[in-house]
Amino acid sequence: MRTRGDAPRLQVSIKLSSLTHNFNPTDPKGTLLRVREPLEEVLQKAAACGVGVTIDAEEYEHRGLIWHIVSEVLAPGAPCGRLDGVGI
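All values derive from a computational prediction rather than experimental measurement.

Cut-off values and rules
Residues numbered from 1 in each chain as written. Predicted model: local features only at pLDDT ≥ 70, side-chain atom pairs only at ≥ 80, totals over all residues. Heavy atoms only, no water. Salt bridge = Lys/Arg side-chain N within 4 Å of Asp/Glu carboxyl O. Helix = DSSP H or I, 4+ residues; strand = E, 2+ residues; numbered from the N terminus. Buried < 20%, exposed > 50% of the residue type's maximum accessible area, 1.4 Å probe, protein only. Contact = heavy atoms within 4.5 Å. Expected span 1.5 Å × (residues − 1). Bend = angle between axes of the 7 residues up to and from the residue. Arc of directions from axis to C-beta. Core = buried A, V, L, I, M, F, W, Y, C linked by side-chain atoms within 4.5 Å.

Now for the pattern of salt bridges. What the rule picks out here adds up to four salt bridges. Between glutamate 41 and lysine 45 there is a salt bridge; the shortest N-O distance is 3.0 Å. One end of the pair, glutamate 41, and the other, lysine 45, are both in helix H1 (residues 28-49), four residues apart, so they sit about a helical turn from each other. Using a relative accessible area of 41% as the deciding quantity, one classes glutamate 41 as partly exposed.

Right, dumping it as C-alpha cells:
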C-alpha cells in the first residue's frame, strides 16, 4: 500500500550502528564490511514487502561514514542498487 504521495505506507527507520558492535568512523572500509550484509538483507526484505526504509543519520560526527555506507550499498550495480523504490 502507498500513500497519496506514492510513498510506502509502512515505514521503518534503522540506525546503521545497530548492525554491528564496532561502528567505527576511523575504519570506514571495515565498518562497511561489517554493516553491508545485514543492511542489504533489511533493504531486500523491506522492498519485497513494500516497506519503506529510512536510514537514521544518528550523530553528526557519523554523517560521513553513514553517507559512505549508503552510497556503496545503493550504488548502481550493487545488489541493492536496483531495488524498486530504493535509492539515494
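Counting through the fold element by element, histidine 62 comes out in the loop between strand S2 (52-56) and helix H2 (63-73). Histidine 62 sits in the buried class, given a relative accessible area of 13%. The contacts of histidine 62, once residues within four sequence positions are left out, are Phe23 and Pro25.

Attention now moves to the environment of alanine 7. Relative to the helices and strands, alanine 7 is located in the segment before strand S1 (11-15). Alanine 7 sits in the partly exposed class, given a relative accessible area of 29%. Along the chain, alanine 7 and valine 51 lie 44 residues apart, while their C-alpha atoms are 9.2 Å from each other. Sequence-distant contacts of alanine 7, defined by excluding residues within four places in its chain, comprise Met1 and Arg2.

Below, the discussion takes up H1. Since the α-helix turns once every 3.6 residues, residues separated by three or four places project in the same direction. Relative to the 32 Å expected for 22 residues at 1.5 Å per residue, H1 spans 30 Å between its end C-alpha atoms, a close match to the ideal helical length. Remark: the principal bend of H1, roughly 40°, maps to arginine 36, with a proline, proline 38, within the next four residues. Looking at H1, one finds that the buried residues are Gly30, Thr31, Leu32, Val35, Leu39, Glu40, Leu43 and Ala46. For H1, the elements touching its buried residues are S2 and H2. Glycine 50 sits one or two positions beyond H1 and adopts a positive phi of about 75°.

Let us look at H2. Here H2 has its buried residues at Leu65, Ile66, Ile69, Val70 and Val73. The arc that holds the buried residues of H2, viewed along the axis, is 125°, so those residues lie on one side.

Here we take up the nonpolar core. Counting residues in each nonpolar core, the largest one holds 13 residues, and the members touching the most others are Leu16, Phe23, Leu39, Ile69 and Val73. Of all the elements in the fold, those that place two or more residues in this core are H1 and H2. Among residues more than four places away in sequence, those in contact with phenylalanine 23 are Leu16, Ser17, Thr31, Val35, His62, Leu65, Ile66 and Ile69.

The next point concerns unusual backbone geometry. Of note, the phi angle at glutamate 58 is positive, near 55°, even though the residue is not glycine. What makes glutamate 58 partly exposed here is its relative accessible area of 23%.

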